[in-house]
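What follows is each chain in one-letter form.
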Amino acid sequence: MAAVSQLQRQFIEYTTSLYNEGYLDDQFTQLQKLQDESNPEFVVEVVSLFFEDSEKLLNNLATALQQKIVDYKQVDSHVHQFKGSSSSIGAQRVTNVCVHFRNYCEEKNLDGCLRCLQQVKHEYILVRNKLEALFRLEQQILQAGGSIPMME
Amino acid sequence: MGVISISETPLHVLAVDDSNIDRKLIERLLKTFSYHVTAVDSGIKALEFLGLQDVENFQSFSPNPEEEVNLVITDYCMPGMTGFELLRKIKESKSLKDIPVVIMSSDNIPARINRCLEEGAEEFFLKPVRLSDVDKLKPYFSKNDRKTTDEEECVSSDRSRAMDDDDGGDVDGDGDDGVEAWSDENEQIEKDQSCHHKMFKIEDVVP
């Protein structure tokens, strides 16, 4: 029992820090509310889709920005998608970079775009690592026979 | 046809979104309210599902009674046919026009919202859509008697309002070229690049 409550405390602390540091926003909580006995893997499923999508988008963005003549409408289209998907799962810091990214696209500012690409990749990797750590913690709690604490 | 008891048939929502993540989300949100959900990834597929065959030429409507749709909820920004265009096609169709349509968008653009509401959308949700939004859908549902006709039904043959009217000029002889007058709102929509879909060209509007 002691191990479970320790893991649960860890889980609560970790989740709280993710919200406090802006990695996740309320939309992530909304996702968790949609998970229940009939959809026990809902959050992991949605987040996995996000990971797949993001890797593709990052590749597409790198390619688009490497072209001799950059098609900023195309770049913006990818960023718009990235902004949407990150916002849908509550990956707030990724979404925020996308907002700036779109401004640079509108200005056709290549330097700005390239910097944003680096930034958005960085933020994506951070949130991906943190979510994976969170899911591992959840698994540990479940395997130790405990239940995942509900975050309000 | 026999009478179908409303309490037995769950309300059927057709969800339209090109993003797989958002499709999964909206489907889950709708199912928590026990709606029956069909999710498609484009406006064309939505119209096909609603029974509008041969969408390009607006020919032959064949209603699918087992798949009566009580509400359409669609993303605004989609490649090919935007949610606005889908809304318009539904409202222009004699058989589909009474189906309530709700638009979702990640961008908060008042001109866009107004345009959708003016075109007949019941509601406009900002993404990400939440449970509290879906909770608002209840009053909009129609459980209509869809008109079944034996004749082929064409979506309005009046093409003067079509947004991609290549004929240009005064099609129906009423003195204008069928496209609404230029305004700040249109300029805002024109500048609205997020869909990368020109709803109409400047040259069509400004003579």
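Just above sits the structure.
What you are looking at is a predicted structure, and each value in this text was computed from that prediction instead of being measured.

Engineer: How do you make sense of the overall build of chain B when you look at a structure like this?
Structural biologist: Scanning chain B for helices and strands turns up seven helices and five strands. Written out in order from the N terminus, the α and β elements of chain B read β-α-β-α-β-α-β-α-β-α-α-α. In chain B, which comprises 207 residues, the proportion classed as buried is 46%. Counted over contacts in chain B with a minimum sequence separation of 6, partners at least 24 positions apart contribute 66%.

Engineer: I'm lost on the pairing of strand E4 (residues 101-105) of chain B in this one. Help?
Structural biologist: The two faces of the sheet receive side chains in turn, since in a regular strand these alternate between them. Residue and element names in this part refer to chain B. Counting buried positions along E4 yields five of five residues, so the element is predominantly enclosed. Side chains Val101, Ile103 and Ser105 of E4 all project onto a buried face; the interleaved residues Val102 and Met104 project onto the opposite face, where all are buried too. Note that strand E3 (residues 71-75) and E4 share four bridges and pair parallel. Of the residues in E4, the one forming a bridge with Val72 is Val101.

Engineer: Hey, could you run me through the state of the cysteines in this one?
Structural biologist: Working definition: the covalent bond between the sulfur atoms of two cysteines is a disulfide. With the rule as written, the count across this model stands at zero disulfides over all chains. A:Cys105 takes part in no disulfide bond, and the closest cysteine sulfur to it belongs to A:Cys113, at a distance of 4.0 Å.

Engineer: Explain the side chain of A:Ser54 to me, please; I cannot follow it from the model alone.
Structural biologist: Residue and element names in this part refer to chain A. Along the polypeptide, Ser54 turns up in helix H3 (residues 42-66). Accessibility expressed as a relative area gives 0% for Ser54, which makes it buried. Among the polar contacts made by the side chain of Ser54, one reaches the main-chain carbonyl oxygen of Phe50 at a distance of 2.6 Å. For Ser54, the residues in contact, after removing those within four places along its chain, are Phe82 and Tyr124.

Rules used in this analysis
- Residues numbered from 1 in each chain as written.
- Chains lettered and ligands numbered in written order.
- Predicted model: local features only at pLDDT ≥ 70, side-chain atom pairs only at ≥ 80, totals over all residues.
- Heavy atoms only, no water.
- Helix = DSSP H or I, 4+ residues; strand = E, 2+ residues; numbered from the N terminus.
- Buried < 20%, exposed > 50% of the residue type's maximum accessible area, 1.4 Å probe, protein only.
- Contact = heavy atoms within 4.5 Å.
- Pairing = 2+ DSSP bridges.
- Disulfide = S-S within 2.5 Å.
- Polar contact = N/O pair within 3.5 Å; in protein donor to acceptor, adjacent residues only side chain to side chain.

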